[in-house]
Amino acid sequence: MTRAPALLLLLALGLCCPGIRGQGYMMKIHSVTQPRVGQRLMLYCESSNMDSGIFWVRQDKAGTLHFIVFISSLSRTTFGGNMRTSKHFEVWKDSRFCWLAVKSFKPQDEGNYFCLMNINQALYFSPGQPLFLPVTTTVAPKTLPSPTTPAPNITERDPCLRTPDSEPSKEKGLDFLCDIFIWVPLTAACFLLLLALAVTITLCQQTRRRRCRCKRPAKGKPNVKRGTPGPHA
């Protein structure tokens with residue numbers, strides 16, 4: 001539509017300079033339903049004079065103006081892109097109200113909506129109607145602290161006191177038991193061997209002494225017993 005850029009410029013001037021508004025007409029804009037994604041949204045513009053055409057304009061979050069539709073006094077519509085119909089918007093009017101319907105509201109439709117009239121080269125526009133989706137805040141689930149059991153009152157003499165060195169102490173205890181089982185029998189065996197050796201040496205010495213009690217003959221003389229002479233002597 002060729003008048004859309006000029007209209008947007010006039011609207012921008014009207015927003016910056018309130019004195020550009022006409023004083024003969026009052027315009028109001030209302031929202032029938034709250035914006036929800038995928039749902040139908042209804043707006044209506046109220047004015048004391050609906051004999052002129054009505055413009056619908058949206059201002060996005062960045063402040064950019066977007067032409068939606070123009071409906072003439074004969075209810076002829078012209079949408080953006082100079083289209084007669086729209087798949088996303090519907091517009092109609094009566095003697096008092098001009099209605100705008102968003103068939104399926106999307107996040108791209110958020111912004112401030114205005115309705116305007118141009119009568120006798122004077123611009124009349126309504127206050128902006130903000131239409132924004134509700135902000136959904138996700139609250140992180142609270143993590144409850146794990147229940148802690150109080151530590152038992154353990155003194156230094158408690159034999160069940162567990163320390164980080166409990167495993168090495170167990171290993172040392174096992175090694176000590178193994179040493180006892182190995183070295184005690186070995187020591188006893190050695191002791192028995194020494195005792196047997198001592199007994200054997202003692203017995204040998206006693207036997208030798210018994211054998212050495214007889215008198216030894218003098219050197220060069222045989223040990224001959226003198227007997228009584230026989231009858232032949």
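Residues numbered from 1 in each chain as written. Predicted model: local features only at pLDDT ≥ 70, side-chain atom pairs only at ≥ 80, totals over all residues. Heavy atoms only, no water.

### A closer look at the overall build of the protein
In step 1: In terms of helices and strands, the protein carries two helices and ten strands.
In step 2: For the protein, buried positions account for 27% of its 233 residues.
In step 3: Here the contacts in the protein between residues at least 6 apart in sequence split such that 52% fall between residues at least 24 apart.
In step 4: Accessible surface for the protein amounts to roughly 18,200 Å². Of this, 59% is attributable to carbon and sulfur atoms. (Helix = DSSP H or I, 4+ residues; strand = E, 2+ residues; numbered from the N terminus. Buried < 20%, exposed > 50% of the residue type's maximum accessible area, 1.4 Å probe, protein only. Contact = heavy atoms within 4.5 Å. Areas by Shrake-Rupley, 256 points an atom, 1.4 Å probe, with all protein chains shown as cover.)

### Considerations on the pattern of salt bridges
In step 1: Under the defined criterion, the tally for this structure stands at four salt bridges.
In step 2: One salt bridge connects glutamate 90 with arginine 40, and the closest N-O pair in it is separated by 2.9 Å. With glutamate 90 in strand β6 (residues 89-93) and arginine 40 in the loop between β1 (27-31) and β2 (41-47), this pair connects stretches of sequence that are 50 residues apart.
In step 3: Among the ionic pairs, lysine 61 bridges to glutamate 110, the shortest N-O distance being 3.1 Å. A residue pair is termed long-range when its members are at least 10 positions apart, and lysine 61 in the loop between β3 (54-59) and β4 (65-71) and glutamate 110 in the loop between β7 (97-102) and β8 (111-119) qualify at 49 residues.
In step 4: The class of lysine 61 is exposed, set by a relative accessible area of 64%.
In step 5: The network of salt bridges with common partners includes Arg40, Glu90 and Lys103. (Salt bridge = Lys/Arg side-chain N within 4 Å of Asp/Glu carboxyl O.)

### Overview of the nonpolar core
Generally speaking, soluble globular proteins have nonpolar side chains that are buried together.
In step 1: Ile54, Trp56, Val91, Cys98, Leu100 and Tyr113 are the most contacted members of the largest nonpolar core, which totals 25 residues.
In step 2: It is β8 that contributes the most residues to this core, four residues altogether.
In step 3: In this structure, tyrosine 113 is in contact with Ile29, Leu43, Val57, Arg58, Ile68, Leu100, Phe105, Pro127, Gly128, Gln129 and Leu131, ignoring residues within four places of it in sequence.
In step 4: Among the nonpolar cores identified, the runner-up in size contains nine residues, and Leu65, Phe67, Phe70 and Phe114 belong to it. (Core = buried A, V, L, I, M, F, W, Y, C linked by side-chain atoms within 4.5 Å.)

### Focus on the environment of alanine 101
In step 1: As for its position among the elements, alanine 101 is in strand β7.
In step 2: When the C-alpha atoms of alanine 101 and histidine 88 are compared, they prove to be 8.4 Å apart, with 13 residues separating the residues in sequence.
In step 3: Every residue in contact with alanine 101, bar those within four places of it in the chain, is listed here: Arg40, Leu41, Met42, His88, Phe89, Glu90 and Trp92.

### A word on the state of the cysteines
In step 1: What the rule picks out here adds up to one disulfide.
In step 2: Cysteine 45 shares a disulfide with cysteine 115; S-S distance 2.0 Å. Taking the sign of the torsion about the S-S bond as the criterion, the disulfide between cysteine 45 and cysteine 115, at about 60 degrees, is right-handed. One end of the pair, cysteine 45, is in strand β2; the other, cysteine 115, is in strand β8, and 70 residues separate them in sequence. Taken individually, cysteine 45 and cysteine 115 each receive the classification buried, so the pair is uniform in this respect. (Disulfide = S-S within 2.5 Å.)

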